[in-house]
Amino acid sequence: MIILKSDSEIKLMRDAGRIVAVVLTELAQKVAPGVSTAQLDAWAEEIIKKHNAIPTFKGYNGFPATITTSINEELVHGIPSPKRVLKEGDIISIDCGATYKGWVGDAALTIPVGQISPEAQKLLEVTERALYIGIEQARVGNRSGDISAAIQAYVEKHGYGVVRNYTGHGVGRNMHEDPQVPNYGRKNRGVPLKKGMTIALEPMVNMGSPRTRVLDDKWTVVTDDGKLSAHFEHTIAITNGDPLILTQL
Ligand code: MG
Ligand code: MG
């Protein structure tokens, strides 16, 4: 069931989303060689609590941390650890959720650690651009498949693989609501988009094969071929006009 949000509810989601944006902006500045993923996690939790919000991920299906930190061939759901120390040339995807007054904001981005290869830089640029190309389609009169198809076409044009096993999703009082919005699909399919829908769009793009597997820790998702992966996500609201990005400053 898709839960439409009123304007006042979307305002609260914007507040939650802004807190997530603060976290990701501050963490992006702290990412550097020598920093551990556990340090990033501790900073994220501190910022969220300072804003009187709750780390949405912590305890979600038993997840032990505030953010997910996924390095290089890891695409999502990596568990922060003092043993995982960033090094020059890595890329790190950080996903963060904050619950404020009962409403969830969910966003992610992939950050270069120091100087990265031109190939990695291109992957990051294409994945971030794919997110905005998807957001552009999030309009009354379109269907969810228009978002999916636009993301897929743009990503595949660059020869990358669109991950199939994980998708965008509705978000509101719960982190995962209907509808699912895959990063692949066909135009004019899926659910009609309506004013008041709030969705987390999140292209996950692999440099090689779209196939993924889960590590023995039962959380960390990696590319099957060991090549790099990137992830960008925003929570957005569908309005009568342009889509509203809730997880920005
Ligand atoms: Mg997320
Ligand atoms: Mg999400």
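Each chain carries its own residue numbering, running from 1 in the written order of its sequence. Here the convention is simple: chains get letters from A, ligands get numbers from 1, in the order in which they are written. Restriction of local features to residues with pLDDT of at least 70 applies here, the model being predicted, together with a cutoff of 80 or more for giving and counting side-chain atom pairs; totals for whole chains, interfaces and linings are based on all residues. The side-chain quantities take in all heavy atoms of the structure and omit both hydrogens and water.

Side note on the coordination of the magnesium ion (ligand 1)
In step 1: Note that water is not among the atoms used; donors are N, O and S atoms within 2.8 Å of the metal (3.2 Å for Na, K and Ca), so sites may look incomplete. Protein-derived ligands of the magnesium ion (ligand 1) are Asp95 (OD), Asp95 (OD), Asp106 (OD) and Glu233 (OE), with the metal-ligand distances lying across 2.0 to 2.4 Å.
In step 2: The motif formed by the donor residues of the magnesium ion (ligand 1), counted along the single chain, is D-x10-D-x126-E.

A short note on the coordination of the magnesium ion (ligand 2)
In step 1: All of the protein donors around the magnesium ion (ligand 2) are Asp106 (OD), His169 (NE2), Glu202 (OE) and Glu233 (OE); their distances to the metal are 2.1 to 2.2 Å.
In step 2: Read in sequence order, the donor residues for the magnesium ion (ligand 2) give the motif D-x62-H-x32-E-x30-E.
In step 3: Between the magnesium ion (ligand 2) and the magnesium ion (ligand 1), a spacing of 3.1 Å is present, and a bridge between the two is formed by Asp106. Residue Asp106 is found in strand β5 (residues 103-112), and its partner Glu233 is found in the loop between β13 (229-231) and β14 (234-237); the two are separated by 127 residues along the sequence. No difference in accessibility class separates Asp106 from Glu233, as the two residues are buried. Put simply, DSSP marks the helices as runs of H or I at least four residues long and the strands as runs of E at least two long, and each gets a number from the N terminus on. Relative accessibility decides the category of a residue: with a 1.4 Å probe and only protein chains considered, values under 20% of the type maximum give buried, values over 50% give exposed, and everything between is partly exposed.

A word on the packing of helix α1 (residues 7-30) against helix α2 (residues 37-50)
In step 1: A fitted line through C-alpha atoms serves as each axis, taken over the contacting stretch for helices, and the angle formed by two N-to-C directions is quoted from 0 to 180°. Running from N to C, α1 and α2 point in directions that differ by 145°, and their axes come no closer than 10 Å. The element α1 and its partner α2 pack so that their crossing is right-handed. Residues Ile19, Val22, Val23, Glu26, Leu27 and Lys30 of α1 touch α2, and the partners they reach there are Leu40, Trp43, Ala44, Ile47 and Ile48.
In step 2: In the scheme used here, Gly and all other residues not listed as nonpolar or charged are polar, with Ala, Val, Leu, Ile, Met, Phe, Trp, Tyr, Cys and Pro taken as nonpolar and Asp, Glu, Lys and Arg as charged. Here the contact of α1 with α2 is composed, by residue class, of nine nonpolar, no polar and two charged. Crossing handedness follows the turn of the near helix against the far one: under a right angle anticlockwise gives a left-handed crossing, and clockwise gives a right-handed one. Here a residue-residue contact requires only that any non-hydrogen atoms of the pair lie within 4.5 Å.

What to know about the sheet that holds strand β11 (residues 212-214)
In a beta sheet, neighbouring strands are held together by backbone hydrogen bonds and run either parallel or antiparallel to one another.
In step 1: Read from one edge to the other, the open sheet built from three strands follows the order β3-β12-β11, with strand pairing classed as antiparallel. Edge positions in the open sheet fall to β3 (74-76) and β11, since each of these has one partner strand only. Each strand of the sheet is rotated relative to its neighbour by a mean of 40°, with strand direction disregarded.
In step 2: One bridge is not enough; two strands pair if DSSP finds at least two bridges between them. Relative to strand β12 (residues 221-223), β11 runs antiparallel, the two sharing three bridges. Residue Thr212 lies in a different strand from β12, and its bridge partner there is Thr223.

Here's the deal with helix α4 (residues 144-157)
In step 1: Taking 1.5 Å of rise per residue, the 14 residues of α4 would be expected to cover 20 Å, and the 20 Å separating its terminal C-alpha atoms lies within 8% of that figure.
In step 2: Counting buried positions over the 14 residues of α4 gives 11, a clear majority of the element.
In step 3: Burial in α4 covers these residues: Ser144, Gly145, Asp146, Ile147, Ser148, Ala149, Ala150, Ile151, Gln152, Tyr154 and Val155.
In step 4: Where α4 ends, the next residue or the one after it, Gly159, has phi of about 80°, a positive value. Each helix should span, by expectation, one fewer than its residue count multiplied by 1.5 Å.

As for the pattern of salt bridges
In step 1: Every case where a carboxyl oxygen of Asp or Glu lies within 4 Å of a side-chain nitrogen of Lys or Arg is listed as a salt bridge. Taken as a whole and assessed by the stated rule, the structure comprises 12 salt bridges.
In step 2: Note that Arg139 is salt-bridged to Asp242, the shortest N-O span being 3.1 Å. A residue pair is termed long-range when its members are at least 10 positions apart, and Arg139 in the loop between α3 (118-136) and α4 and Asp242 in the loop between β14 and β15 (244-245) qualify at 103 residues.
In step 3: The closest approach of N and O atoms between Arg164 and Glu156, which form a salt bridge, is 3.8 Å.
In step 4: With relative accessibility at 37%, the residue Glu156 sits in the partly exposed group.
In step 5: Several salt bridges share partner residues, and in doing so they unite Glu45, Lys49 and Lys58 into one network.

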